[in-house]
Structure formats: C-alpha cells, structure tokens
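Results of the structural survey
Each chain, letter by letter, is given below.
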Amino acid sequence: MSDKEMPQVKSKRLLSLDALRGFDMFWIISGEQIFHGLANGVMEKQSLTRSQYDWTISTNKNLSFFEHLFIAISNQLHHSPWNGFTFYDLIFPLFIFISGVSMPFSYQKYLTAKKSKENASKLIFFALIKRTLILLVLGMMVNGLLKFNGYEQIRFASVLGRIALSTFFAAIIYLNFSLRKQIIWFVSILVGYHIIMIFIPVPGFGRGNFTPDGNLAAYVDRILLPGKLHRVVYDPEGLLSTIPAIATALLGVFTGSFLISKAHNLSPLKKVFGLVIAGIILLLTGFLWNIFFPINKNMWTSSFVLFAGGWSVILFAIFYYIIDVKSIKIWSLPFVWIGTNSILIYVCAHGLFNFEATSQFLFGGLVQKMPPNLQQAFLWLGVLSIQLFILKFLYDRKLFLKI
C-alpha cells in the first residue's frame, strides 16, 4: 500500500466515501425537488408538456443548454414504472453499496484490537444486532409506526429495514468467510434468486412471471409480510427481494477490500483504473442478464444488482480519484456534511421535520419575489440551505448519529 493510502487506513474513513454517501442522499432530501422545480419552470415558460418536450428536444431553439439539462436531470429523478433503469433507481442500491465499502475499514479496529479474536467477534456481532434492530425500528417509524392507526395500516418493510438486513448478512459473510467463499456467496445469491424466481410457481400465475402481481417476490410479500404492502400487491422493500440486496452490499465489501489490500502493491491510480474496469464489466454483465431476468428495482433482480453495482463502482472510483487521490476536496464538503449524518437527515426529511414549511416560513417573502415559474425551485433551495446549515453545525462539533 502506498504512502498516500496509509492515512486512510489509520483514520478508518475515506472522505470520498462520505462525500459519495452525501451526494447520494442529497437527491432524496431536496435535490430532486430543486431540479423538478427548475424543469417545471422551463416547461411553464415555454408552455410545454413532458410529452411535447420529448419530440422537440432536438428542434426547439428556444431552450438553452442548461434548460435542456434541467429537464434531462428531472426526467431521471423518477423511478422506472417497472422494468428499466433511471438514475433515481440507483440511489437506494448505491447507499447499500457504500455501506458495504465501509465495512473493511470499519471493522479494522475490532480485528486489530488487543483483545482475543473471540471477544472481538462478540463485539462486532452485538454491534451488528444493535444497528440492525435500531434501523428496523427507525424504518417503521418513518413509515408512521407511532401514528397507531392499527396493525393493518402499519407498513413493516422499509428502506432502512432493507439497509439493515442486507448489510447485516453481508457483514456476517465478510467476517466469517474468506474472499473466495464471499465470492461464492455472491454468485450463489444472484443465481439462486434467479432460479427460484423462474421455477417456483405462483398460484394463478404460474412460473417465471415477472409482472407486478405475478412474480414470486410479490406473492411471498402477500402471504408472509405483516401489515400493509406499499404497492398493495407487493412491497418494493419486501422479504424475498431483500436477499439479492445482500449481494449489493457484498459488491461494496469487495470494493473496500480491494482498496485496503496490500497485494501487488498497486498505486491508488491503478486501483482507480481497476475499479472502472470492474464497473464496466458489471454493467455489461447486468445488461446481458437483463435479456433473461429484466433489470427491475422493485424485484431487485440479479441483473439489477449487477447493473446498479456497475454504476456504483464507477461513481465511487470517480469520487475516490478526485477527492482521495488528487486531493481536490473543497467542492465535496457540503456532501460530506450530509454523508456523515446521512441516517439522521433521512429520518428528519422523511417525516420527523417539515423542512418545506420551515423554508416557506423563513424565505417565503423572498420566494414570492421570484418569477412564478421558479418559485418551487427557490423554495427547495431554501430547504437545502436549512439542511446544510444544520448538518454543518453538527459536523463542526463532531456530532454524528452513529448506529
């Protein structure tokens, strides 16, 4: 390992990883609304609808480059209706991937501690159990657990719940198996998931049905998942579809292990190159697997794991190269503020705190002075300002929600 990498291992933290986590979280706490507001403002100004824009993109001379860009970004900030892939579909698996990358760094303090291996294993295991249970409960709270609307109205599956379970089992695999066996686990999960989704029949639909209500994952949700389902006939964070999410976390584990590895004495630049190549291979493999098992976030298909994983690896390689290898860091600080308190800001932005109302209270008068077609965007820029102010305050005082 080169001298440039040694401080990263000692600190057990990569700045690029915090920045990428913050970049990922930025879109769902306020970024999407800012760009939807900008795009809607362009549409309103030009009296266009989304469908009209699709065929005028190359011929409409009234739109500037940035106006085209706002609309293009906004169009990517929606989930695919079913099969397919957008940038917004990447946000969730990218977060799980990042959690996996951090494991080889985070567990060094346990594995190298002056305690017996047995005691270290117990410390890690109890920390994992605690983290998993807290995230499961927080996820249900975000879903409205404390509203007490009755058992049938409680949604037990959640984004935080999937993060908890997928990273828990990925950590167990990482801590108890060699790299070779970790890879066997990874391949077995993806291939095994594909096999059961194809060959186990669903009553009334038969085998290999990949429709919203006819796929095996949806059927398992309907018969085994308590409470209500987010999409009535299935839950996008359901039980069976959480299993391949473990493979998403393992991709992060492989990435983190590669970075801290001393084998072959690879320079940071060569490691970046290796990550980019690995990302491209994952993208191509996922794209080819899509022919047989469609890229689908809701089912978290094996092809989706690889395709989203490819983009995750490439994005991380870019952040790692710019921030940790080239030491160009100043631009990333707002993302670092978000990334170091990502769970806190997620919970606050998704039910605990009404940032939009606060922005309206603080900046409503200024927003009203803006052109009507830009008021939504400026209101959410106010939301982002409030969030960054709070997060920087916490960051400067080293106050982090650690789970």
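If you're wondering where the values come from, they're calculated on a predicted model, not measured in any experiment.

Let's shift gears to the packing of aromatic side chains. All chains considered together, the criterion is met by 28 aromatic pairs. An angle of 75 degrees between the planes, with centres 5.1 Å apart, marks the rings of W300 and F304 as edge-to-face. The burial state of W300 is the same as that of F304; both residues are buried. Judged by centre distance (4.6 Å) and plane angle (55 degrees), the rings of F353 and F355 are tilted. By relative accessible area, which is 37% here, F353 ends up partly exposed. Taking the relative accessible area as the measure of exposure, F355 reaches 6% and is therefore buried.

Now for unusual backbone geometry. Phi angles above zero are rare outside glycine, and W300 is one such case at about 50 degrees. Structurally, the position occupied by W300 is in the loop between α12 (268-289) and α13 (302-325). Its identity is not glycine, yet S327 carries a phi of approximately 60 degrees, on the positive side. The topology assignment puts S327 in the loop between α13 and α14 (333-339).

Glancing now at the layout of surface pockets. Considering only enclosed or pocket space, the largest pocket measures out at about 1300 Å³ in volume. If you trace the largest pocket, you find 40 residues lining it, with R13, S106, R131, K402 and I403 closest to the centre. Those elements that place two or more of their residues in the lining of the largest pocket are α2 (15-46), α5 (87-106), α6 (108-111), α7 (117-142), α8 (159-176), α14 and α15 (342-352). Here the element with the most residues in the lining of the largest pocket is α7; it accounts for seven residues. The residue makeup of the lining of the largest pocket, split by class, is 22 nonpolar, nine polar and nine charged. Within this model, the second largest pocket holds a volume of roughly 590 Å³. Lining the second largest pocket are 25 residues, with H79, V159, E237, Y346 and H350 sitting closest to its centre. No other element matches the four residues that α5 contributes to the lining of the second largest pocket.

Here we take up the nonpolar core. Ranked by internal contacts, the top residues of the largest apolar core, which has 103 residues, are M197 and F316. The element best represented in this core is α13, accounting for 14 residues. Residue contacts for F316: discarding those within four places in its chain leaves L14, S16, L17, L20, F97, V101, T255, L259 and L275. If you look at the next biggest cluster of nonpolar residues, it comprises six residues, including A39, M43, L48 and I71.

Below, the discussion takes up the confidence of the model for the protein. With 91% of its residues at a pLDDT of at least 70, the protein reaches an overall mean of 91. In this model, residues 1-11 is a region of pLDDT below 50 whose contacts with residues beyond four sequence positions or in other chains number 20 contacts.

Next up on the list: the pattern of salt bridges. Considering all chains together, one arrives at six salt bridges under this definition. Between R21 and D18 there is a salt bridge, with the nearest N and O atoms lying 2.8 Å from each other. Taken together, the residues span about one helical turn, with R21 and D18 both in helix α2 at a distance of three residues. Like R21, the residue D18 is buried in the burial classification.

In this fold, T340 is placed in the loop between α14 and α15. A polar side-chain atom of T340 sits 2.8 Å from the main-chain carbonyl oxygen of V336. For T340, the contacting residues outside a window of four places in its chain are R13, D18, Y395 and F400.

The next subject is helix α11 (residues 243-260). Because an α-helix completes one turn every 3.6 residues, residues spaced three or four positions apart along the sequence face the same direction. With 18 residues, α11 should reach 26 Å at 1.5 Å per residue; the first-to-last C-alpha distance of 27 Å fits that figure. For α11, a buried count of 16 out of 18 residues is recorded, marking the element as mostly surrounded by other parts of the structure.

Another aspect to go through is a nonpolar patch on the surface. On the surface, L179, I183, V187, V191, I195 and F199 cluster together into a nonpolar patch covering about 520 Å² of accessible area. You can see I183 is positioned in helix α9 (residues 179-199).

Okay, the environment of I124 next. Looking at the secondary structure, you find I124 in helix α7. Residue I124 is classed as buried on the basis of its relative accessible area, which comes to 4%. Between the alpha carbons of I124 and I172 there is a distance of 9.5 Å; along the sequence they are 48 residues apart.

With that out of the way, let us pick up the packing of α2 against helix α17 (residues 375-396). Their axes nearest at 7 Å, the elements α2 and α17 cross at an angle of 160 degrees. Judged by the inter-axis angle, α2 sits roughly antiparallel to α17. In the packing of α2 onto α17, the handedness of the crossing is left-handed. From α2, F26, I29, S30, Q33, I34, H36, G37, L38 and N40 reach across to α17, where they touch Q376, A377, W380, L381, V383, L384 and Q387. Residues of the contact of α2 with α17, tallied by class, amount to nine nonpolar, seven polar and no charged.

Compared with the 16 Å implied by 1.5 Å per residue over 12 residues, the 17 Å span of helix α4 (residues 65-76) between its first and last C-alpha is a close match. Looking at α4, one finds that the buried residues are E67, H68, I71 and S74. Along α4, the residues classed as buried sweep out an arc of 130 degrees about the axis, all on the same side. Exposed side of α4, more than 90 degrees from the buried face: F65 and F66 are the residues found there.

Reading the values: the criteria
- Residues numbered from 1 in each chain as written.
- Predicted model: local features only at pLDDT ≥ 70, side-chain atom pairs only at ≥ 80, totals over all residues.
- Heavy atoms only, no water.
- Phe/Tyr/Trp six-rings, centres within 6.5 Å; stacked < 30°, edge-to-face > 60°.
- Buried < 20%, exposed > 50% of the residue type's maximum accessible area, 1.4 Å probe, protein only.
- Helix = DSSP H or I, 4+ residues; strand = E, 2+ residues; numbered from the N terminus.
- 1 Å grid on protein atoms, 1.4 Å probe; cavity = no way out; pocket = protein on both sides within 12 Å on 5 of 7 lines; lining within 4 Å.
- Points joined across faces, edges and corners; volume = space filled by probe spheres on them.
- Nonpolar A, V, L, I, M, F, W, Y, C, P; charged D, E, K, R; others polar.
- Core = buried A, V, L, I, M, F, W, Y, C linked by side-chain atoms within 4.5 Å.
- Contact = heavy atoms within 4.5 Å.
- pLDDT = per-residue confidence, 0-100.
- Salt bridge = Lys/Arg side-chain N within 4 Å of Asp/Glu carboxyl O.
- Polar contact = N/O pair within 3.5 Å; in protein donor to acceptor, adjacent residues only side chain to side chain.
- Expected span 1.5 Å × (residues − 1).
- Patch = residues over 30% accessible without salt bridge, like charges linked within 9 Å, V, L, I, M, F, W, Y side chains within 5 Å.
- Areas by Shrake-Rupley, 256 points an atom, 1.4 Å probe, with all protein chains shown as cover.
- Axes fitted to C-alpha atoms, helices over the stretch in contact; angles between N-to-C directions.
- Parallel < 35°, antiparallel > 145°, perpendicular 65-115°, else oblique.
- Left-handed = near helix turned anticlockwise from the far one by under 90°.
- Arc of directions from axis to C-beta.

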